[in-house]
Amino acid sequence: MPISASDFQYIAGLVRAHAAIVLEPGKEYLVETRLEPIARKEGYESLADMIHVLRSMPPTEWLHAAVIDALTTNETLFFRDFHPFEAMRQTIIPRIIEQRQQSRQLTLWSAACSSGQEPYSFAMMIREAFPQLKDWIITIVGSDISTSSLARARQAAYSQFEVNRGLPAIYMAKYFTQKDGLWHLKDEIKRMVQFRNQNLLHPWPLIPAWDIILLRNVMIYFDIPAKQGILRRMRTTLAPGGYMMLGAAETTLNIDPSWKPIPYGHTVAYQTC
Ligand SMILES: C[S@@+](CC[C@H](N)C(=O)[O-])C[C@H]1O[C@@H](n2cnc3c(N)ncnc32)[C@H](O)[C@@H]1O
């Protein structure tokens, strides 16, 4: 049975309040297709029954978290969009290396890392293109609101389809082993990345001043006040001289004027003004 207007409004309000994700009217099919499997698995007669129970529980219960998790969009791939990784490899990382000769530390936060392809791409690139960093302290943190995506990220086992999307053959041969139909990332790269559960709307206890923040393909789901709040806090967590990168369809323009876009060929990085 199609979701009622009032149930849709309740679910849209829940994900907006807890994850900043905006579900406009017209997305009813998305709610139905993503939540019906949960309702079935939990033994409810219908999605309406499950939403009835959700409405009667405090919004901190695990079922709410499962619903929010199911409504996140976790699409990602290795070396997504290619150009940001080239800009990091050719210009951004060499600049940071120059600046950090004293501390010999480099930090990157992938702030909505989904199933891990983004921070692992960075880790492989560091191993492959910057052998001089072998004895540096490299801190790479991936965080996400979705516990199911984080579980996959920690497992670091990808399907043939996933490794075919964006992963150069040389990286596949060097850093993955194939077992039971999946491609398993080798420990030497896995160990370079730590994962955390982090809702971007909540306080960020992640400590370092980051040299690079990847905030890619997540703010597209948020409304303007949520974007502004996150960009304001990103300013204070970026190291002096650090860089932030957004998704190809995202920008700080008309949202937060205190970021300076710096074009690098087909991509843009941002620094604080
Ligand atoms: C489309 S994926 C982007 C993954 C990766 N950054 C990329 O560009 O390929 C968006 C990710 O944002 C996460 N997300 C959505 N709302 C969030 C929030 N409020 N806090 C943290 N992560 C969130 C989702 O769980 C999802 O994994």
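Residues numbered from 1 in each chain as written. Predicted model: local features only at pLDDT ≥ 70, side-chain atom pairs only at ≥ 80, totals over all residues. Heavy atoms only, no water.

S.K.: Which parts of the structure should I look at to understand the pattern of salt bridges?
M.R.: Pairing is possible between side chains that carry opposite charge, provided their charged atoms lie close to one another. According to the stated counting rule, one finds 11 salt bridges in the structure shown. One salt bridge in this structure joins Arg16 and Asp223, with 2.8 Å as the shortest N-O distance. You can see Arg16 sitting in helix H1 (residues 5-19) and its partner Asp223 sitting in the loop between strand S7 (210-215) and helix H11 (224-237), a full 207 residues away along the chain. Judged by its relative accessible area of 40%, Arg16 falls in the partly exposed class. The salt bridge involving Arg152 is made with Glu162; its shortest N-O contact spans 2.9 Å. (Salt bridge = Lys/Arg side-chain N within 4 Å of Asp/Glu carboxyl O. Helix = DSSP H or I, 4+ residues; strand = E, 2+ residues; numbered from the N terminus. Buried < 20%, exposed > 50% of the residue type's maximum accessible area, 1.4 Å probe, protein only.)

S.K.: For this particular structure, what's the right way to read the environment of Ala123?
M.R.: Here Ala123 lies in helix H6 (residues 117-129). Note on Ala123: relative accessible area 0%, which makes it buried. Distance in space between the C-alpha atoms of Ala123 and Phe8 is 40 Å, their sequence separation being 115 residues. When residues no more than four places from it in sequence are discounted, the contact partners of Ala123 are Ile140, Ile189, Met192 and Val193. (Contact = heavy atoms within 4.5 Å.)

S.K.: Please clarify how the domain arrangement of the protein should be interpreted in this entry.
M.R.: The figure often quoted for interface size is the accessible area lost as the parts come together. Domain annotation for the protein reports domain 1 (5-70) and domain 2 (83-272). Relative placement of domain 1 and domain 2: their C-alpha centres are 30 Å apart. In total, domain 1 and domain 2 occlude about 690 Å² of area from one another, counting both sides; carbon and sulfur atoms represent 52% of this. Summed over the three residues of domain 1 that lose the most area to domain 2, namely His18, Ala20 and Asp69, the buried surface amounts to 55% of that side. There are six residue pairs in polar contact (both at pLDDT 80 or more) connecting domain 1 and domain 2. Of all the secondary structure elements, the ones that give two or more residues to the side of domain 1 that touches domain 2 are H1 and helix H4 (62-70). The element contributing the most residues to the side of domain 1 that touches domain 2 is H1, with four residues. Of the residues belonging to the side of domain 1 that touches domain 2, the class tally is six nonpolar, one polar and two charged. (Domains from an automatic or database assignment. Buried area = accessible area lost by both parts, 1.4 Å probe. Polar contact = N/O pair within 3.5 Å; in protein donor to acceptor, adjacent residues only side chain to side chain. Nonpolar A, V, L, I, M, F, W, Y, C, P; charged D, E, K, R; others polar.)

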